[in-house]
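# Fold and contact review
If you want the building blocks of each chain, they are given just below.
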Amino acid sequence: MMDASIAANGRQRIGRKADGRHSPSPLPWLMPLILVLGVFYLYPLLDVFRFAFTNVSLLGTDEVYTLQTIVTTLSKPELLQILWVTLVFTASSVVAQQFFGLFIALIVLHSEKRRLFGSTIVRTTALVAWVVPGIAGGIIWKMLFNEAPFGGLNSLLRLIGVPAVQWLSDPHMVMWSVVISNVWRGTAFSMVVMYAASKAIDPVLYEAAEVDGANPWQRLIYITLPQLRTAILVNMILITIQTLNTFDAIISLTGGGPGRATEVLSLYTFNVVFRNYDLAAGAVLSILMLTISLGLALVYARFLPRGEPS
Amino acid sequence: MRPLRQDRIGDALSYLFLAITFLFFAWPLLWLLSLALRTRKEIFLGVSRLIPKAPTLENFGAILSSDKFAGYLWNALILSSCSAIGCLIVALPAAYAFSRFPFRGKGTWMMVLLAFQMISPLVIMVPLYRYMAALHLTDSHFGATMVYIALAVPMVTWILKGSIDGIPKSLDEAAVIDGCGHFSVFWRIILPLSAPGIASAFIISVIAGWSQFLVPFLLISKESLMPIGVGIFQYAGTQNDSSLQLLAAACLVSVVPAIVAFLALQRLILGAMTEGAVKG
């Protein structure tokens, strides 16, 4: 540290020489990253595109280049059902996680300001749910949704005198059960992002609003929400992609059933590849997944304020 | 007196919402604990109460003493810590370069890195499975570790870049003038000063590795090599309602290490995470 401060004093003198020096290439420093991502990410990714034009299976090696896989995979009648399930699951999860995340963040902030008891406990509990591995989360919720008397939710309902719900066996109910479990695991992320972003809002804005006589509701609508715009959009991109890729939490909770009621695109892709051994069709579905995430990200990105350094 | 009453109503509502939120997030874990402490008889009777009548630790004993589960836990520990170390080795120099070297298209490259995060691991697992089989890297911890690293490294690089950005540039400029090369600047200044960022990146990748399911599920079929995520999924498939107490105990055992690691370093992790998320 001492060397550094001494040298800092002499910086102005020699600084020009240091700046004018030919700047070395960052390539050696980036090489490990490029190698790892290239070999284990980019190369397989490019191969997905190649596979889509073949009829390759998980077992055989006889590859023929053909457009047939793309046509048959995309025209399968079940695909529409799968996409609909994926849409319902993703949209409800994202909206609920964004809404509750913001709501809890604001309540926690308010409670901190008023020095209410328990806001830290609530924040930490939500975060603990977030750390639970997806596969374990699915198993935990399966126990909660269990329709036997020891099921954790029906027990709770019985306590307050509400009749039992068929959480996982009713095809209309099961989607909401999956969404609830996903919201349980995912809300903490939105909460943290919203909390940090709300804390960063300039307090002067609120003081000015108070002088003008704005009520809490008006402060929320005219100050908090507009100020959070960027954070909300970025958060939406992140949680949409996370939700779209959700796979482990569903495979261990419902396995996609009953019937196909909760078979989302990622689970369907998995089944096509590793149950039907149809690698080529899986590649087509993978590309479809990729296109959907990229498309959604671009749509959200259009709403981002422009020209902001980030 | 009006504002005071308004405040009181606000406080009461806040308490109500805090309580509901707490219940929502805590209930699943409390229920899991409740199931894990029950005897087989109590599960079998199908009684619903939160606090078991005759709480017992024997389920945990049964799980922890089985070779299978000890192996699962050990494998998960090996995989997640090795991949976290690997992640740091790959990401640290890159983060340093992104933070300190002037080069063209830096912003674009950072975004490209982030875009990797948008690709579902499932997409690359399809061809990767075949490569790994061809390279004889299936059923190997090394192969799985490399894939874990590739999946986590974009985010870790972002986090580390954020923490290196926080180190004043004048420090390394001064060291350069003192005659340090880039490597010794990196080694003597950047590494020690970004220790908190490195620690949180390490813990985040350990937790991410701990919750990996897809990669080991596909690449590892030998039971003796499986990490806990895959092990517990297989185990859950073989259980029925009357052995729920064992599954609950197993589930808790798989969840607790991640929770403990997180709670111990909560402050560090949240700082690193929000920095990445808000900036990204």
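Keep in mind that this is a model prediction, so the values were computed, not measured.

## Observations regarding the overall build of chain B
- Summing up its helical and strand segments, chain B has 14 helices and 0 strands in all.
- Reading chain B from its N end, one meets helices and strands in the order α-α-α-α-α-α-α-α-α-α-α-α-α-α.
- Computed over the C-alpha atoms, the radius of gyration of chain B is 24 Å, more than 25% above the 19 Å expected from 2.2 N^0.38 for a compact globule of 280 residues.
- Based on the C-alpha atoms only, the size of chain B along its principal axes is roughly 75 × 75 × 30 Å.
- Scored against the burial criterion, the 280 residues of chain B give a buried share of 54%.
- Charge separation in chain B, taken as the distance between the mean sites of 19 positive and 13 negative side-chain charges, equals 5 Å.

## Structural notes on the environment of Ser252 of chain A
- Position of Ser252 of chain A relative to the elements: it lies in helix H12 (residues 248-253).
- With a relative accessible area of 4%, Ser252 of chain A lands in the buried category.
- Each C-alpha atom, one on Ser252 of chain A and one on Gly138 of chain A, is 5.0 Å from the other, the two residues being 114 residues apart in sequence.
- Other than its neighbours up to four places away in sequence, Ser252 of chain A contacts Gly134, Ile135, Gly138, Ile139 and Lys142 of chain A together with Phe233 of chain B.
- Polar contacts involving the side chain of Ser252 of chain A include one to the main-chain carbonyl oxygen of Ile135 of chain A, which spans 3.0 Å.

## A short note on the UniProt feature "transmembrane region" (unreviewed entry) in chain A
- Under the UniProt annotation, the feature "transmembrane region" (unreviewed entry) is placed at residues 27-46, 82-109, 121-141, 173-197 and 279-301 of chain A.
- Between the first and last C-alpha atoms of residues 82-109 of chain A the distance is 40 Å; the span itself is 100% helix and 0% strand.

## Let's talk about the UniProt feature "transmembrane region" (unreviewed entry) in chain B
All names here are of chain B.
- Residues given the UniProt feature "transmembrane region" (unreviewed entry) here are residues 12-33, 72-97, 109-129, 141-160 and 244-265.
- Helix makes up 100% of residues 72-97 and strand 0%, and the two end C-alpha atoms of the span are 38 Å apart.
- The span residues 141-160 is 100% helical and 0% strand by assignment, and the distance between its end C-alpha atoms comes to 26 Å.

## Overview of the interface of chain A and chain B
- Opposite the 100 residues of chain A that make contact, chain B presents 97 residues.
- Taken over both partners, the interface formed by chain A and chain B buries close to 8700 Å², and the fraction arising from carbon and sulfur atoms is 82%.
- Sorting the residues of chain A by area buried against chain B places Trp29, Tyr41 and Phe150 of chain A first, and these three jointly supply 11% of that buried surface.
- Two residues, Asp11 of chain B and Arg114 of chain A, come together in a salt bridge whose shortest N-O distance is 2.8 Å.
- Where chain A packs against chain B, one counts 7 residue pairs in polar contact (both at pLDDT 80 or more).
- Broken down by element, the side of chain A that touches chain B gets its largest block of residues, 15 residues, from helix H3 (residues 27-52) of chain A.

## Thoughts on the environment of Arg188 of chain B
- With respect to the element layout, Arg188 of chain B can be found in helix H9 (residues 182-193).
- As for Arg188 of chain B and Asp172 of chain B, which are separated by 16 residues in sequence, their C-alpha atoms are 9.4 Å apart.

## Here's the deal with the nonpolar core
- Judged by nonpolar contacts, the single largest core of 196 residues is most densely connected at Val147 and Leu160 of chain B.
- Looking at which element gives the most residues to this core, the answer is helix H4 (residues 67-100) of chain B, with 15 residues.

## Considering the packing of helix H12 (residues 228-238) of chain B against helix H13 (residues 244-264) of chain B
Residue and element names in this part refer to chain B.
- Taken N-terminus to C-terminus, the directions of H12 and H13 make an angle of 170°; their axes are 10 Å apart at the nearest point. Our classification of the angle between H12 and H13 gives roughly antiparallel. The segment H12 lies against H13, with Ile228, Ile232, Tyr235 and Ala236 engaging Leu246, Leu247, Ala250, Cys251 and Ser254.
- Among the residues making up the contact of H12 with H13, the classes are represented as 8 nonpolar, 1 polar and no charged.

## A word on the domain arrangement of chain B
Residues and elements named next belong to chain B.
- Domain assignment breaks chain B into domain 1 (3-43) and domain 2 (64-276).
- The C-alpha centroid of domain 2 is placed 32 Å from the C-alpha centroid of domain 1.
- Of the roughly 730 Å² buried between domain 1 and domain 2, counting both surfaces, carbon and sulfur atoms make up 79%.
- Sorting the residues of domain 1 by area buried against domain 2 places Leu32, Arg40 and Ile43 first, and these three jointly supply 55% of that buried surface.
- The tally of links between domain 1 and domain 2 comes to 0 salt bridges.
- Counting across the domain 1 and domain 2 interface gives 0 residue pairs in polar contact (both at pLDDT 80 or more).

## Remarks on unusual backbone geometry
- With a phi angle near 55°, Arg115 of chain A is a residue other than glycine that sits in the positive phi range.
- Looking at where Arg115 of chain A falls in the secondary structure, it is placed in the loop between helix H5 (77-113) and helix H6 (119-131).
- Positive phi, close to 60°, is recorded for His136 of chain B, a residue that is not glycine.
- Note on placement: His136 of chain B falls in the loop between helix H6 (121-134) and helix H7 (141-165).

## Section: the pattern of salt bridges
All names here are of chain A.
- Going through the model one piece at a time under the given rule, you end up with 7 salt bridges over all chains.
- Of the charged contacts, one joins Glu263 and Arg260 as a salt bridge, the two residues approaching to 2.8 Å between their closest N and O atoms.
- Look at Glu263 and you get buried, because its relative accessible area is 6%.
- You can call Arg260 partly exposed: its relative accessible area is 34%.

## Topic: the packing of aromatic side chains
- Throughout the structure, instances matching the rule amount to 31 aromatic pairs over all chains.
- For the ring pair Trp29 of chain A and Phe101 of chain B, a centre distance of 6.1 Å and an interplane angle of 50° mean the geometry is tilted. Of the two residues, Trp29 of chain A sits in helix H3 while Phe101 of chain B sits in the loop between H4 and helix H5 (106-116), which places them in two different chains.
- Look at Trp29 of chain A and you get buried, because its relative accessible area is 13%.
- Look at Phe101 of chain B and you get buried, because its relative accessible area is 2%.

## Re the UniProt feature "domain: ABC transmembrane type-1" (unreviewed entry) in chain A
- With numbering aligned to this structure, UniProt lists the feature "domain: ABC transmembrane type-1" (unreviewed entry) at residues 83-300 of chain A.
- Across residues 83-300 of chain A, helical content stands at 76% and strand content at 0%; the span's end C-alpha atoms are separated by 20 Å.

## Some words on the UniProt feature "domain: ABC transmembrane type-1" (unreviewed entry) in chain B
- According to UniProt, the "domain: ABC transmembrane type-1" (unreviewed entry) feature falls on residues 73-265 of chain B.
- As annotated, residues 73-265 of chain B comprises 79% helix and 0% strand, and the C-alpha atoms at either end are separated by 21 Å.

## With respect to the state of the cysteines
Residue and element names in this part refer to chain B.
- Counting across every chain of the model gives 0 disulfides over all chains.
- Here Cys82 stays unpaired: no disulfide links it, and the sulfur of Cys87, its closest cysteine neighbor, is 12 Å away.
- Taking relative accessible area as the criterion, Cys82 reaches 38% and is therefore assigned partly exposed.

Basis of the calculations
- Residues numbered from 1 in each chain as written.
- Chains lettered and ligands numbered in written order.
- Predicted model: local features only at pLDDT ≥ 70, side-chain atom pairs only at ≥ 80, totals over all residues.
- Heavy atoms only, no water.
- Helix = DSSP H or I, 4+ residues; strand = E, 2+ residues; numbered from the N terminus.
- Rg over C-alpha atoms; globule rule 2.2 N^0.38 Å.
- Buried < 20%, exposed > 50% of the residue type's maximum accessible area, 1.4 Å probe, protein only.
- Lys, Arg positive; Asp, Glu negative; His and termini not counted.
- Charge placed at Lys NZ, Arg CZ, Asp CG, Glu CD.
- Contact = heavy atoms within 4.5 Å.
- Polar contact = N/O pair within 3.5 Å; in protein donor to acceptor, adjacent residues only side chain to side chain.
- UniProt positions renumbered as here; feature names shortened; annotations may be inferred.
- Buried area = accessible area lost by both parts, 1.4 Å probe.
- Salt bridge = Lys/Arg side-chain N within 4 Å of Asp/Glu carboxyl O.
- Core = buried A, V, L, I, M, F, W, Y, C linked by side-chain atoms within 4.5 Å.
- Axes fitted to C-alpha atoms, helices over the stretch in contact; angles between N-to-C directions.
- Parallel < 35°, antiparallel > 145°, perpendicular 65-115°, else oblique.
- Nonpolar A, V, L, I, M, F, W, Y, C, P; charged D, E, K, R; others polar.
- Domains from an automatic or database assignment.
- Phe/Tyr/Trp six-rings, centres within 6.5 Å; stacked < 30°, edge-to-face > 60°.
- Disulfide = S-S within 2.5 Å.

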